[in-house]
Amino acid sequence: MSAPSFDLVVRGGTVVTAEGRAAVDVGVRDGHVAQLGGAMSGARELDARGRFVLPGGVDPHVHLHVEPEDEEPHFADDFTSGSQAALAGGVTTLGNMSWVLPWEKIADRVRRETAEVARKAIADVFLHTVVATPTREILDEVGAAVAAGQSSMKVFMSLPTFEASAAEFGLLMRATGEAGGITLIHCEDLATIECCTALLARDARTSCRHFAESRPVEAEVVATERAIAMCRATRAPTYIVHLSSAAALAACRAARAEGLPLYVETRPLYLYLTAERYGDEDAPLYVAQPPLRAGADGEALWRGLADGAIDTVASDHAPWTRALKMESGGDVRRARPGVAELDTMLPLFYTEGVEAGRLSLERFVALTSTNAARLFGLYPRKGTIAVGSDADLVVWETGGRRTVRDEDLFSRAGHSVYRGRELRAWPAITVRRGEIVFEDGKIVAAAGTGRPVPRGRTERP
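Residues numbered from 1 in each chain as written. Predicted model: local features only at pLDDT ≥ 70, side-chain atom pairs only at ≥ 80, totals over all residues. Heavy atoms only, no water.

So, the side chain of serine 411
As a reminder of what qualifies: Runs of H or I in DSSP of at least four residues are treated as helices and runs of E of at least two as strands, each being numbered from the N terminus. Counting of polar contacts relies on pairs of N or O atoms within 3.5 Å, with two restrictions inside protein: one atom must be capable of donating a hydrogen and the other of accepting it, and residues adjacent in sequence are counted only when both atoms are side-chain atoms. Here, residues are in contact when the closest pair of their heavy atoms is within 4.5 Å.
Mapped onto the elements of the fold, serine 411 is located in the loop between strand S17 (402-403) and strand S18 (422-423). A polar contact is formed between the side chain of serine 411 and the side chain of aspartate 77, at a distance of 2.7 Å. If near-sequence neighbours (up to four positions away) are discounted, serine 411 is found in contact with Asp77, Ala85, His317, Pro319, Ala340 and Asp343.

Topic: the sheet that holds strand S14 (residues 262-266)
Stated formally: One requirement defines pairing of two strands: DSSP has to find at least two bridges between them.
Overall, parallel pairing links the eight strands, which are arranged S8-S9-S10-S11-S12-S13-S14-S15 in an open sheet. The open sheet has two edge strands with one neighbour each: strand S8 (57-62) and strand S15 (312-313). In this sheet, strand S11 (residues 152-156) lies alongside strand S10 (residues 124-130) in parallel orientation, the contact comprising two bridges. Within S11, the residue paired with threonine 129 across the bridge is methionine 153.

Comments concerning the environment of arginine 451
Residue position: arginine 451 is located in the segment after strand S21 (442-443). A C-alpha to C-alpha distance of 9.4 Å links arginine 451 and lysine 120, two positions 331 residues apart in sequence. Apart from the residues lying within four places of it in its own chain, the contact partners of arginine 451 are Val117, Ala123, Asp124, Val125 and Arg433.

Brief notes about the state of the cysteines
Keep this limit in mind: Note on terminology: disulfide denotes any pair of cysteine sulfur atoms within 2.5 Å. To sort residues, take the accessible area from a 1.4 Å probe on protein chains only and compare it with the maximum for the residue type: under 20% means buried, over 50% means exposed, and anything in between is partly exposed.
Under the definition given, this model contains zero disulfides. The thiol of cysteine 195 is unpaired, and the distance to the nearest cysteine sulfur, on cysteine 196, comes to 5.3 Å. Residue classification places cysteine 195 among the partly exposed positions, given a relative accessible area of 44%. Of all cysteine sulfurs in the structure, the one in cysteine 187 sits closest to cysteine 252, which takes part in no disulfide; the separation is 7.3 Å. By relative accessible area, cysteine 252 is classed as buried at 0%.

So, the sheet that holds strand S16 (residues 393-397)
Under the convention used in this document: Throughout, an axis means a line fitted to C-alpha atoms (over the contacting stretch in the case of helices), and angles, computed between N-to-C directions, take values from 0 to 180 degrees.
An order of S3-S2-S7-S16-S19-S20-S21 is seen for the seven strands of this open sheet, with the pairing classed as mixed. Where the open sheet ends on each side, the last strands, each with one partner, are strand S3 (20-23) and S21. As paired elements, S16 and strand S19 (residues 426-432) share five bridges and run antiparallel to each other. Of the residues in S19, the one forming a bridge with glutamate 397 is tryptophan 426. The strands touched by helix H13 (residues 345-355) within the sheet are strand S7 (52-55), S16 and S19, with S16 carrying the most contacts at an inclination of about 55°.

Observations regarding the packing of aromatic side chains
What counts, and what does not: Here is the rule: rings of Phe, Tyr and Trp (six-membered ring for Trp) pair when centre to centre is within 6.5 Å. Planes less than 30 degrees apart are stacked, more than 60 are edge-to-face, and the remainder are tilted. Here, a charge over a ring means that NZ of Lys or CZ of Arg falls within 6 Å of the ring centre while also lying within 35 degrees of the ring normal.
Applying the stated criterion across every chain yields a total of 14 aromatic pairs. A centroid spacing of 6.0 Å and a plane angle of 90° characterise the contact between phenylalanine 364 and tryptophan 396, whose relative ring orientation is edge-to-face. Taken together, the residues span a long stretch of sequence, with phenylalanine 364 in helix H14 (residues 361-375) and tryptophan 396 in strand S16 at a distance of 32 residues. In this structure, phenylalanine 364 and tryptophan 396 share a single accessibility class: buried. Looking at arginine 336, its charged tip hangs above the ring of tryptophan 320, at a distance of 5.3 Å from the centre. Directly above the ring of tyrosine 379 sits arginine 374, whose terminal nitrogen or CZ lies 3.9 Å from the centroid.

Describing helix H5 (residues 166-178)
Keep this limit in mind: Every helix has an expected span of 1.5 Å times one less than the residues it contains. In this description, one arc is meant: the one made by directions from the helix axis to the C-beta atoms.
With 13 residues, H5 extends 19 Å between its outermost C-alpha atoms, agreeing within 8% with the 18 Å of an ideal straight helix rising 1.5 Å per residue. Within H5, burial applies to Ala166, Phe169, Gly170, Leu172, Met173 and Thr176. Here the buried residues of H5 occupy an arc of 155° about the axis, which is enough to place them on one side. Relative to its buried face, H5 has exposed residues pointing more than 90 degrees away, namely Ala167 and Glu178. Residues of H5 that are buried in the fold lie against helix H3 (136-147), S11, helix H4 (160-164), strand S12 (182-186), helix H8 (217-234) and strand S13 (238-240).

Considering the packing of H13 against H14
Counted only if it meets this: Should the near helix be turned anticlockwise from the far one by less than a right angle, the crossing is left-handed, and should it be turned clockwise, the crossing is right-handed. Three classes are used: nonpolar for Ala, Val, Leu, Ile, Met, Phe, Trp, Tyr, Cys and Pro, charged for Asp, Glu, Lys and Arg, and polar for all others, with Gly counted as polar.
Where H13 meets H14, the axes come as close as 10 Å, and the angle between the chain directions of the two elements is 145°. The handedness of the crossing between H13 and H14 is right-handed. For the pair H13 and H14, contact is made by Leu346, Phe349, Tyr350 and Val354 and by Leu361, Phe364, Leu367 and Thr368, respectively. Here the residues of the contact of H13 with H14 are counted per class, giving seven nonpolar, one polar and no charged.

Examining the nonpolar core
Inside soluble globular proteins, nonpolar side chains tend to come together where they are buried. As a reminder of what qualifies: Nonpolar core, defined: a set of buried Ala, Val, Leu, Ile, Met, Phe, Trp, Tyr and Cys residues in which side-chain atoms within 4.5 Å join the residues together.
Within the largest apolar cluster, 101 residues are counted, with the highest numbers of intra-cluster contacts made by Leu172, Leu269, Leu305, Phe349 and Phe364. Beyond its immediate chain neighbours, meaning those up to four positions away, leucine 172 contacts Val131, Ile138, Leu139, Val142, Met153 and Val155. Among the nonpolar cores identified, the runner-up in size contains 17 residues, and Ala48, Leu393, Val431 and Ile436 belong to it.

Overview of the environment of alanine 288
Note on placement: alanine 288 falls in the loop between helix H10 (269-272) and helix H11 (295-307). A relative accessible area of 0% places alanine 288 in the buried class. A C-alpha to C-alpha distance of 21 Å links alanine 288 and methionine 153, two positions 135 residues apart in sequence. Sequence-distant contacts of alanine 288, that is, excluding residues within four places in its chain, are made with Phe211, Arg267, Leu269, Tyr278, Pro337 and Gly338.

Describing the side chain of threonine 370
Mapped onto the elements, threonine 370 comes out in helix H14. When near neighbours in sequence (up to four residues on either side) are disregarded, threonine 370 contacts Ala18, Val365, Tyr379 and Gly383.

Thoughts on helix H9 (residues 246-257)
Since the α-helix packs 3.6 residues into each turn, any two residues three or four apart lie on the same face. Between the first and last C-alpha of H9 there are 16 Å, a value that for 12 residues agrees with the 16 Å anticipated at 1.5 Å per step. Taken residue by residue, H9 has Ala248, Leu249, Ala251, Cys252 and Ala255 as its buried positions. The buried side chains of H9 occupy one side of the element, clustering within an arc of 155° when seen end-on. Those residues of H9 hidden inside the fold are in contact with H8, S13, S14 and H11.

Written out as structure tokens, the structure is:
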């Protein structure tokens, strides 16, 4: 009897999931993993001998540009260039922040951005509904939206609308949780930020050298503790985005010890850079919200990544060009927050986490793929390598060294805050739903081949 025929066979690699690893070939048919191990032949075969084969990364926190409704400056990457940066960096699924405008319904915004994903994306994409003002109409929509697969809502505590509608935001969390979804929260207290910024302005200390002082750890801790209180009151699954400090992480540890459905994300910036960067001439390039912190905060985050206190690493990819980042003149009141991360997030995290001995490869997979897939209703379609899962596979090169260079990036931001850093691991080949989309340093798939990803209920990692 002849061996089964597959569209693609990845042969000779070591397949790694969050649960373990095994030296098995992977057979792909119709975009899905159809067989693990055993005899197989493929219309195309990839040689993964001596390499690890990991699930495609699931980055649940990106900001990709949607076609403008005004002439304001905007992020450099859209769904096409953002996909290119992601796939080159080993990420096959993106969670984009989708702002519901005051005159829109949730369904209107989802419909519009889903159509844009279908036209432009190469990576697969899901959307988080960002609610700035929880009107009665929005609250009435939440249950149906979650049931239809739009199962995550995003709240910014740092916006003026939060304090004015705090009770309604609690109702939004409760409605989302009851329907099976999850609420993402940006935890910075606006009153603390405004007070600190006003004091800096009074003393004529508004350069980016003082950016960390304008949004201190206290602002994050106050907001994080309030988010925890809302989680406790509503019992709604709650996801703290881009947590940056040891003190905020300690608050989350205590809350999780109570059994609260609280989950924590951090991002690369806080693992590799400190607030000392705000003393550099190009300080605006490092501006993010929350700001860079002290070295001790970074070490606390690494411990949390290793011991399970932190669930995910996400890029918060906010790709401004260098010119737009520097346009503020270094004034903390006008500096544009966010950096481009998609090209570098996984290679740098692999290098500094796995290769440096801080994390196991299985833990790397959990933090960068499996946990996000579970939390955002994508598992087991995404986030693992198993029969029936989407064939999102990354063959990793770990046998050499290379340097992060601006000219190698796919993001239209055109620059990286990690320029000059050494990498000891990077994607050699990226496969999305059975199609080779990145190989030999090139994107080899077309815009419009990415898909909006259907989602189910949130699941504990």
